[in-house]
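Chain residues, written in single-letter form:
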Amino acid sequence: MPRPPEIAAKAYLLLDVTANQVLAAKDPDMLVEPASLTKLMTAYLVFDALRARKIDLKQTLPVSTKAWKMPGARMFIDPKMQVPVEDLIKGMVVQSGNDATMALAEGVGGSAEYFVEMMNAQAKALGMKNTSYKNPEGLAEAGHVTTARDLSTLATRLMRDFPDEVAYYAIKKYRYPGTPEANGNNRNLLLFRDPTVDGLKTGHTDAAGYCLVATAKRDFPNVGSRRLLAVVLGADSENARANEAQKLLNWGYTAFDAVKLFEAAQPVAAPKIWKGKDDTVALGSPLPLVVAVPAGSAAQIKTQVVRPDPLVAPVAKGQSLGTLRVMRGDEALLNVPLVALKGVEQAGVLGQAWDAIRLWLK
């Protein structure tokens, strides 16, 4: 496999989001302080509340004394204000405002304490095995930890589950009317340097160092858009975290080629199914099947369908029925779950009986 560049950070991970493959990593499961990368989970829950219509963008939320007095990065709101949800989201996402984050957490959870319970429940639901939250904003607190791998899981799900809302992360400048103009720049320097970068979040505390989750989307012939995600933790400065993330993104796009094996919902195989109204069942994936391979090695790709045999009706649409094993020569690259692209009902009594005899003879 291609060797990644030297990256000056405590831990990092580069994920090809389109192919769902880790391209490079260093200490991806090391426990670290997430600092303001915590706000990715806060945003996930806020976006979820918007979708469920528990809150809406134009609704105003009060600013508690607790939110007003939050230390660290701020949006500069105070208890005399009633601030629209959309402005609080921009304050949290663009300015990394701890005051905006607390106001949102209280607005969605009723209290910061209950919101933290929601954060931990969501982390568990997303499979973030090594993450524990103690607050919504990311200020240093004992036991408030995550990993590069868990952050890549969270960022990927945030982009997949809320594709419209993640557009906030591409905003370069924002400030709430009446607050300092100097506070308006997004701290993600890559937004200003690389036009293909459209997110996501920075973080910094003394213990965590300078951290960045950066994502870029670039178009390639025969594949379409290809999205990469770089998680850089514990760099030495604001400039260093941007440089190291940029280095990873550029390397990922040049050292690996994307190969589209199958379109979304394109049948990968159509094996025989027994005791059903149909004779075969189409297996495929609801997403395009794209694999990242070392540059120039696309011709070495082989695929193999691994499935139970025999397959017996009934089968529901979307039911998991096997795996597509993707190989480069003898090297296993990844396993992609295959599902039934449409359901197959059980045959009538006679059809079932006839297939039962044929299966017995088989």
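Given the structure is predicted, the values throughout are model-derived calculations rather than measurements. (Residues numbered from 1 in each chain as written. Predicted model: local features only at pLDDT ≥ 70, side-chain atom pairs only at ≥ 80, totals over all residues. Heavy atoms only, no water.)

## Things to note about the sheet that holds strand β14 (residues 320-328)
Pairing between the strands of a sheet comes from backbone hydrogen bonds, and it takes one of two forms, parallel or antiparallel.
Part 1 of the reasoning: Ordered in space as β10-β15-β14-β12, the four strands form an open sheet in which the pairing is antiparallel. Each edge of the open sheet carries a strand with a single partner, namely β10 (283-284) and β12 (301-306).
Part 2 of the reasoning: When β14 meets strand β15 (residues 331-340), the two strands line up antiparallel, connected through eight bridges. Directly across from Arg325, in β15, lies its bridge partner Asn335. (Pairing = 2+ DSSP bridges. Helix = DSSP H or I, 4+ residues; strand = E, 2+ residues; numbered from the N terminus.)

## Examining the pairing of strand β5 (residues 197-205)
Part 1 of the reasoning: Counted residue by residue, β5 has seven buried out of nine residues, so it is predominantly covered.
Part 2 of the reasoning: Where β5 and strand β6 (residues 209-220) come together, eight bridges link them in antiparallel fashion. Bridged to Thr205 within β6 is Gly209.
Part 3 of the reasoning: Turn length for the β5-β6 hairpin, with the two strands adjacent in sequence and antiparallel, is three residues. (Buried < 20%, exposed > 50% of the residue type's maximum accessible area, 1.4 Å probe, protein only.)

## Side note on the pairing of strand β2 (residues 21-26)
A regular strand places its side chains on the two faces of the sheet in alternate fashion.
Part 1 of the reasoning: Looking at chain direction, strand β1 (residues 11-16) and β2 are connected through five bridges and run antiparallel. In the strand pairing of β2, Leu15 is matched with Val22.
Part 2 of the reasoning: Where β1 folds back onto β2 in an antiparallel hairpin, the turn is made up of four residues, including Asn20, whose phi is positive at roughly 55°.

## Comments concerning the packing of aromatic side chains
Part 1 of the reasoning: Per the counting criterion, the structure on display carries five aromatic pairs.
Part 2 of the reasoning: Between Phe47 and Tyr168 the ring centres are 6.4 Å apart and the planes differ by 25°, which places this aromatic pair in the stacked class. One end of the pair, Phe47, is in helix α1 (residues 39-51); the other, Tyr168, is in the loop between α6 (148-161) and α7 (190-193), and 121 residues separate them in sequence.
Part 3 of the reasoning: Among the aromatic residues, ring-to-ring pairing joins Tyr44, Phe47, Phe162 and Tyr168 into one connected group. (Phe/Tyr/Trp six-rings, centres within 6.5 Å; stacked < 30°, edge-to-face > 60°.)

## Section: helix α5 (residues 112-125)
Part 1 of the reasoning: Taking 1.5 Å per residue as the helical rise, α5 with its 14 residues ought to reach 20 Å, and the 20 Å between its terminal C-alpha atoms agrees with that figure.
Part 2 of the reasoning: Buried residues of α5: Ala112, Phe115, Val116, Met119, Gln122 and Ala123, and no others. Down the axis of α5, the sector holding all buried residues measures 120°, keeping them to one side. Seen from the buried face of α5, the exposed residues on the opposite side, beyond 90 degrees, are Glu113, Glu117, Lys124 and Ala125.
Part 3 of the reasoning: Check the buried side of α5 and you find it contacts α1, α2 (65-68) and α4 (98-109).
Part 4 of the reasoning: Downstream of α5 by one or two residues, Gly127 has phi in the positive range, about 80°. (Expected span 1.5 Å × (residues − 1). Arc of directions from axis to C-beta. Contact = heavy atoms within 4.5 Å.)

## Some details on unusual backbone geometry
Backbone geometry follows two general trends: most residues other than glycine have a negative phi, and most peptide bonds adopt the trans configuration.
Part 1 of the reasoning: Of the consecutive residues Asp309 and Pro310, the connecting peptide bond is found in the cis state with omega at 5°.
Part 2 of the reasoning: By secondary structure assignment, the location of Pro310 is in the loop between β12 and β13 (311-312).
Part 3 of the reasoning: With a phi close to 60°, Ser96 is a non-glycine residue in the positive phi region.
Part 4 of the reasoning: Inspection of the secondary structure puts Ser96 in the loop between α3 (85-93) and α4.
Part 5 of the reasoning: For Ser96, a relative accessible area of 4% puts it in the buried group.
Part 6 of the reasoning: In the Ramachandran plot, Lys275 falls in the positive-phi region, its phi being about 60° despite a non-glycine side chain.
Part 7 of the reasoning: As for its placement among the helices and strands, Lys275 is situated in the loop between β9 (273-274) and β10.
Part 8 of the reasoning: The class of Lys275 is partly exposed, set by a relative accessible area of 23%.

## Thoughts on the pattern of salt bridges
Part 1 of the reasoning: Scanning all chains against the criterion turns up 14 salt bridges.
Part 2 of the reasoning: We note a salt bridge from Lys80 to Asp78, for which the minimum N-O separation is 3.9 Å.
Part 3 of the reasoning: By relative accessible area, Lys80 is classed as exposed at 77%.
Part 4 of the reasoning: In this structure, Arg175 engages Glu181 in a salt bridge whose closest nitrogen and oxygen atoms are separated by 3.7 Å.
Part 5 of the reasoning: Overall, Glu181 belongs to the exposed group, its relative accessible area being 64%. (Salt bridge = Lys/Arg side-chain N within 4 Å of Asp/Glu carboxyl O.)

## Focus on the packing of α3 against α4
Part 1 of the reasoning: Between α3 and α4, whose axes approach to 8 Å, the crossing angle comes to 135°. Between α3 and α4, the crossing angle belongs to the class labelled oblique. Note that α3 runs across α4; the crossing there is left-handed. Where α3 approaches α4, its residues Val85, Leu88, Ile89, Gly91 and Met92 are matched on the opposing element by Ala100, Thr101, Ala103 and Leu104.
Part 2 of the reasoning: Residue composition of the contact of α3 with α4, grouped by class: seven nonpolar, two polar and no charged. (Axes fitted to C-alpha atoms, helices over the stretch in contact; angles between N-to-C directions. Parallel < 35°, antiparallel > 145°, perpendicular 65-115°, else oblique. Left-handed = near helix turned anticlockwise from the far one by under 90°. Nonpolar A, V, L, I, M, F, W, Y, C, P; charged D, E, K, R; others polar.)

## A few points about the environment of Ser320
Part 1 of the reasoning: Relative to the assigned elements, Ser320 resides in strand β14.
Part 2 of the reasoning: When the C-alpha atoms of Ser320 and Ala340 are compared, they prove to be 6.6 Å apart, with 20 residues separating the residues in sequence.
Part 3 of the reasoning: Setting aside chain neighbours within four positions, we find Ser320 in contact with Leu338 and Val339.

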